[in-house]
Amino acid sequence: MEHHILSWPGKSAVSPSDPEHPAVYHMLDVAAVAEIMIARFVFQTALNDALVLLTALHDLGKVNVQFRKMLRGQPYQSNSHWCVTEVLLNAHDDLLAERLGSKRLRREPIYAAVAGHHGQPSKWSGNDEQVLSITGTEAVRDAQTIIAAFLELWPEASLQAVAREDSLTLPEWFPAEGKVMPLADYLMLARAKAAIAIQKAGLTGVAPKADRLFGFDLRPMQSACAEIALPNGPTLAVIEDETGAGKTEAALILAQRMLCAGKGRGLFVALPTMATSDAMFGRLRTDGVIGRMFDGPPMLTLAHGKAGLSDDFRDLIDAQENAPEDPSCTTWLADGRRKALLGDVGVGTIDQALLAALPTKFHTLRHFALSSKILIVDEVHELGEPYIAEVLERLLQLHRQAGGSAILLTATLPLALRKKLMATYGGGDDDPAYPALSIAGGAVRRDLPQETGARGPVRVDRLPDIAAAVDLLVNAARGGAACVWVRNAVDDAIAAVQALRAAGVDADLLHARFALADRKRIEQAALARFGKSGQGRAGRVLVGTQILESSLDLDFDVMVSDLAPMAGLIQRAGRLWRHMALRPAVGRPVPEPVLHVVSPDPDTVDNGQWLMQVLEKGAYTYPQGLQWRTAKHLFPTGQIIAPSGLRGLIEAVHGVDALDVPAALEKADRNAEGKAMAHKSHAWQNRIDLSKSFREGSGDGRDADYPTRLGDASRTLALARMTDGRLSPWGGSWPMAEVAARKTRLDALPLPDQTQPAIAAVKKDWPDWRRDTVTVCPFAEDGTICEGLSYSADFGLRFG
């Protein structure tokens, strides 16, 4: 070995007395890890070795005069080292081509991907001569020597099997090594270190096992998932059944079978909100089911923007000892949302998965992490908004392309969207049977029972105005019923709880404009009172917004809801007479389940303000045409019969043959259609183009630059109180003090000056992105933040 190639440092010395870690050793460290990770994929030996070889060459650009100067504290006057990597690989393509084979047009996109290991393509402009001259003649020569040496370490490496479309698509563990040794010897040393690093990081992986997951008698959909034939190759299944039918258990049974069939090596459960993600994480952590799915304790992770605030997640990370079958989580996996996707079992918001289909920085890491998972998307009907649906479609296409399998769970998915999503795996039909279990391009189960459960049909009554809703709830609460009112807007929810309290009713409030600390407190109180085992529920009313549709497992005797689209009303009704085994009809304070809907008469539409005449701010939450179609079909029908009647209700409003709206609402309906098309177009522009290479199709955008869902822009406030001359975060920590509201409303207010000394002192150590995006807002004893804005733990953030 030519010892001078060790003179190029890859990592700076930890202290002046320590050695620099040579770049060539660092490259072999990474290659040793890659050998373990890539070995899990079923590649030919030649392709496997080629991928490891190219991974080893990822930091070839550190063989660079300018990079060496930078590590030693001198000015850096060149392109990024990963750009230099791409230039050097192309400069020495002849040497690589002799061993790797394939065509240059196929090798070049792979070189770009290798150089893009910092989460984005390099800024290579094609001006190789200028880059090489700055890099240094000696460096260019030594790069060639390193490539030749690495080729000897993986002598069977070849890209001959790679088609054109294929080419498109840790310091403490590796301490600095000052000894000079042959590269083959160092590679053996790096392989030993890599095995330890993989284990400490939590990336070892666990094999699945076919043990029985649940001790109870399976319900029909769960039995169907245990029996349905699975096709060869990547598989997409769609589970359609009513709320409370045990779809999650059915999906886990099916996922276990997919794992045992070699369709994946782990799971990622994607949910619509952080609250639902936290609830699912807590469930999987404690009920033992994932321990029965794997032959060893799996790594369980939580992936969303507030995961670090989850008590369950922190307890799992901090746990010193676990039972042999219990899940665990390393601090390395827990350190970031992207890393969390690498765990054996991940739970998180759908946003974390959708980012794999958008050209954000490190989207390839997300894609890689998900590619080995059975992707379970829960509440997929909530992703029907045009922008999200288009990005989800692209995510499924990417997942299938990488060999991944997926399971979609839904209670109210329109047939057209089901067909669109199933087409990503080569299947889909218009069969309206419900409940249904469908395998794209494979077996289907349409013979599932239609019998309505112990709850029976849910009667639907219309309430003409807000006053009627208040009167009904007051009387029901006085009769001992546990009641809920689901409102479409936060301001309306606040007004409702004030009206109920003024009438002497014990009313609680839950919405999205509470600081996180208060929201978590209120959610736990709601579960303790109205949950499956809730106590003290009689005579109380919970007023909330759409977060009550799916986020919490609650059970009410009486329900009032503002008019909402049909799918939303069906979801809301799923919280009515929910736990019949624990609270049978005979023990309920009312004779039958009734969904009372606050709505104007759909047969009397005199002008374009039809809905605004009854609902207040909540009239603007959903398209008015969709609201009218719901009212026009639901009130004459007069009931919700689950499961047999759900498909007809959904298709009548959300299907392709939905009714035309009255003339007075046509303008609003056209505007809503135009907005939907604009959202689709936005998604088409944003999502990854599968026909492009990594360099052409990727970008360096922040996650915030490519949203996973569209809506009114929000602004985040961090609430604070002045204590002993210093600001303290409300709720005990700054993340727990955060609350968001619509940006346009907040921008119109005189919010506190962020240059005030007390506020500047708080923010001085924050990262730039947080300092720029979070507004610290002290509030007085009476709740005042500024003119027009206040906060209280009882009502949340209030305008006016």
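Structure: see above.
Residue positions within a chain follow its written sequence, with the count starting from 1. Note on the predicted model: pLDDT of at least 70 is required for a residue's local features to be given, and 80 or more for side-chain atom pairs to be given and counted; whole-chain, interface and lining totals, by contrast, use all residues. Remark: hydrogens and water are excluded; side-chain values derive from all non-hydrogen atoms of the structure.

Asker: Could you give an account of the overall build of the protein chain, naming the residues involved and the relevant values?
Answerer: Counting from the N terminus, the helices are the DSSP runs of H or I reaching at least four residues and the strands are the DSSP runs of E reaching at least two. If you tally the helices and strands in the protein chain, you get 32 helices and 24 strands. The C-alpha atoms of the protein chain give a radius of gyration of 29 Å, which matches the 28 Å a tight globule of 800 residues would have. Overall, the C-alpha framework of the protein chain stretches about 90 × 70 × 55 Å when taken along its three principal axes. A 1.4 Å probe rolled over the protein chains alone gives each residue an accessible area, and that area as a share of the maximum for its type sets the label: buried under 20%, exposed over 50%, partly exposed in between. Split into buried and exposed, the 800 residues of the protein chain put 54% on the buried side. For the accessible areas, the method is Shrake-Rupley and the probe is 1.4 Å, while residue cover comes only from the protein chains on display. Accessible surface, the protein chain as shown: approximately 32,700 Å² in total, 52% of it carbon and sulfur. Radius of gyration means the value over C-alpha atoms here, while the globule rule gives 2.2 Å times the residue count to the 0.38 power.

Asker: Provide a residue-level description of the pairing of strand β4 (residues 266-271), including the pertinent values.
Answerer: β4 sits mainly inside the fold: six of its six residues count as buried. Taking every second residue as pointing to the same face, both faces of β4 are buried, with G266, F268 and A270 on one and L267, V269 and L271 on the other. When DSSP locates at least two bridges between a pair of strands, those strands are taken to pair. The sheet contact formed by β4 and strand β6 (residues 345-349) spans five bridges and is parallel. Bridge assignment links A270 to a residue of β6, and that residue is G348.

Asker: Summarise the pairing of strand β18 (residues 714-723); cite the residues concerned and give the values.
Answerer: Of the pairings in the sheet, the one linking β18 to strand β20 (residues 738-742) comprises five bridges and is antiparallel in character. If you follow T716 over to β20, its bridge partner there is A740. Where β18 lies against strand β21 (residues 774-778), five bridges are found, and the strand directions are parallel. If you follow A718 over to β21, its bridge partner there is V776. With four bridges connecting them, β18 and strand β19 (residues 726-729) associate as antiparallel partners. Residue pairing for β19: T723 is matched across the bridge by R726. Joining the antiparallel neighbours β18 and β19 is a turn of two residues, in which D724 adopts a positive phi near 55 degrees.

Asker: So what about the packing of helix α20 (residues 386-401) against helix α21 (residues 415-422)? Which residues, and what values?
Answerer: Lines fitted to C-alpha atoms define the axes here, with helix axes fitted over just the stretch in contact, and angles between the N-to-C directions of these axes take values from 0 to 180 degrees. Orientation of α20 relative to α21, taken along the N-to-C sense of each, is 30 degrees, at an axis distance of 9 Å. Taken together, the axes of α20 and α21 are roughly parallel relative to one another. On the side of α20, the interface is formed by A389, E390, L392, E393 and L396, while α21 contributes L417, K420 and L421. Polar here means any residue other than Ala, Val, Leu, Ile, Met, Phe, Trp, Tyr, Cys and Pro, which are nonpolar, and Asp, Glu, Lys and Arg, which are charged; Gly is therefore polar. Split by residue class, the contact of α20 with α21 holds five nonpolar, no polar and three charged. Working rule for angles: under 35 degrees goes down as roughly parallel, over 145 as roughly antiparallel, 65 to 115 as roughly perpendicular, anything else as oblique. Here a residue-residue contact requires only that any non-hydrogen atoms of the pair lie within 4.5 Å.

Asker: Hey, could you go over the sheet that holds strand β23 (residues 789-792) for me, with residue numbers and the actual values?
Answerer: Taken in spatial order, the three strands of this open sheet run β22-β23-β24, and their pairing is antiparallel. Two strands in the sheet have a free side with no partner beyond their single neighbour: β22 (784-786) and β24 (796-799). Neighbour-to-neighbour, the strand axes of the sheet open up by a mean angle of 25 degrees, direction not taken into account. Alignment of β23 against β24, held across four bridges, turns out to be antiparallel. Counted as the bridge partner of L789 is F799 from β24.

Asker: Requested: an account of the sheet that holds strand β8 (residues 405-410), with residues and values cited.
Answerer: Taken in spatial order, the eight strands line up as β5-β6-β4-β7-β8-β3-β9-β10 in an open sheet, and their pairing is mixed. The two strands at the open ends of the sheet, each matched to only one other strand, are β5 (300-303) and β10 (444-445). Summarising the sheet, β4 and strand β7 (residues 373-377) pair through five bridges and their orientation is parallel. From the neighbouring strand, V269 faces β7, where its bridge partner is I376. Here helix α11 (residues 220-227) sits on the sheet in contact with β3 (236-240), β9 (436-439) and β10, set at roughly 20 degrees to β9. Along the sheet face, α20 touches β7 and β8 and points at about 150 degrees away from the line of β8.

Asker: An account of the nonpolar core is needed here, citing residue identities and associated values.
Answerer: What we call a nonpolar core is a set of buried Ala, Val, Leu, Ile, Met, Phe, Trp, Tyr and Cys residues that are connected through their side-chain atoms within 4.5 Å. Within the largest apolar cluster, 137 residues are counted, with the highest numbers of intra-cluster contacts made by F150, W154 and I407. Leave out the neighbours within four places in its chain, and W154 touches L28, A31, E35, D49, V52, L53, A56, R99, L187 and R191. Formed by 92 residues, the second largest nonpolar core is a distinct cluster that contains L509, L542, L569 and F635.

Asker: For helix α26 (residues 624-637), give the residues involved together with the corresponding values.
Answerer: Here the expected span of a helix is defined as 1.5 Å times the quantity of residues minus one. A rise of 1.5 Å per residue sets the reference length of α26, with its 14 residues, at 20 Å; its end C-alpha atoms lie 20 Å apart and thus fit the reference within 8%. Considered for burial, the residues of α26 that qualify are Q624, G625, Q627, W628, R629, T630, A631, L634 and F635. The elements touched by buried residues of α26 are β11 (458-463), α25 (566-573), β16 (594-598), β17 (639-640), α27 (646-654) and α28 (666-686). Looking at the residues trailing α26, positive phi occurs at G638, about 80 degrees.

Asker: Describe the packing of aromatic side chains, with residues and values.
Answerer: Working definition: rings of Phe, Tyr and Trp (its six-membered ring) pair if their centres are within 6.5 Å, and the pair is stacked with planes under 30 degrees apart, edge-to-face with planes over 60 apart, and tilted otherwise. Evaluation of the coordinates by the stated rule reveals nine aromatic pairs. Plain terms: the ring middles of W730 and Y791 are 6.3 Å apart, the flat faces sit at 75 degrees to each other, and that makes the pair edge-to-face. In this pair, W730 sits in the loop between β19 and β20 while Y791 sits in strand β23, placing the two residues 61 residues apart along the sequence. Judged by relative accessible area, W730 falls into the partly exposed class, the value being 22%. Among the residues examined, Y791 registers a relative accessible area of 3% and is labelled buried. Between W734 and W766 the ring centres are 5.9 Å apart and the planes differ by 70 degrees, which places this aromatic pair in the edge-to-face class. Of this pair, W734 sits in the loop between β19 and β20 while W766 sits in the loop between α31 (757-763) and α32 (768-773); the two residues are 32 residues apart in sequence, bridging distant segments of the chain.

Asker: Now, about the state of the cysteines: what can you tell me, with residues and values included?
Answerer: Here is the idea: a disulfide is a covalent bond, and it sits between the sulfur atoms of two cysteines. In what follows, a disulfide is any cysteine sulfur pair within 2.5 Å. Following the criterion strictly, the structure yields zero disulfides and no others. Between C777, a cysteine without a disulfide, and C786, which holds the nearest cysteine sulfur, the sulfur-to-sulfur distance is 7.1 Å. Of the residues examined, C777 reaches a relative accessible area of 0% and is grouped as buried.

Asker: A description of the packing of α26 against α27 should follow, citing residues and the corresponding values.
Answerer: The packing of two helices is summarised by the inter-axis angle and the distance between the axes. Packing of α26 against α27 brings their axes to within 9 Å, and their N-to-C directions diverge by 145 degrees. In this structure, the crossing between α26 and α27 has a hand that is right-handed. Along its contact with α26, which presents L626, R629, T630, H633, L634 and T637, the element α27 presents G648, L649, A652, V653 and H654. Grouping the amino acids of the contact of α26 with α27 by side-chain chemistry returns five nonpolar, five polar and one charged. For any helix crossing, the convention is left-handed if the near helix is rotated counterclockwise from the far helix by under a right angle, and right-handed if that rotation is clockwise.

Asker: Break down unusual backbone geometry for me, with residues and values.
Answerer: P435 follows Y434 through a cis peptide bond whose omega is 0 degrees. With respect to the element layout, P435 can be found in the loop between α21 and β9. The peptide bond linking A642 to P643 adopts the cis configuration, its omega dihedral lying at 5 degrees. Phi is positive for S102, close to 70 degrees, though the residue is something other than glycine. Relative to the elements of secondary structure, S102 occurs in the loop between α5 (93-100) and α6 (104-115).

Asker: Tell me what's going on with α21, and back it up with residues and numbers.
Answerer: Regarding α21, the residues found buried are L415, L417, R418, L421 and M422. End-on view of α21: buried residues confined to an arc of 165 degrees, all on one side of the axis. Summarising the contacts, the buried residues of α21 are in contact with β3, α20, β8, β9 and α27. By construction, the arc corresponds to the directions joining the helix axis to the C-beta atoms.

Asker: Quick one: what's the story with the pattern of salt bridges, residue by residue and with numbers?
Answerer: What makes a salt bridge here is a side-chain nitrogen of Lys or Arg within 4 Å of a carboxyl oxygen of Asp or Glu, nothing more. Using the criterion set out here, one finds 54 salt bridges in the structure. When the shortest N-O distance is used, the salt bridge between E35 and R191 registers 2.7 Å. A relative accessible area of 18% means that E35 is categorised as buried. Of the residues examined, R191 reaches a relative accessible area of 31% and is grouped as partly exposed. With a shortest N-O distance of 2.6 Å, D747 and K743 are connected by a salt bridge. Highlighted residues: D747 and K743, both in helix α30 (residues 743-747), separated by four residues, approximately one helical turn.

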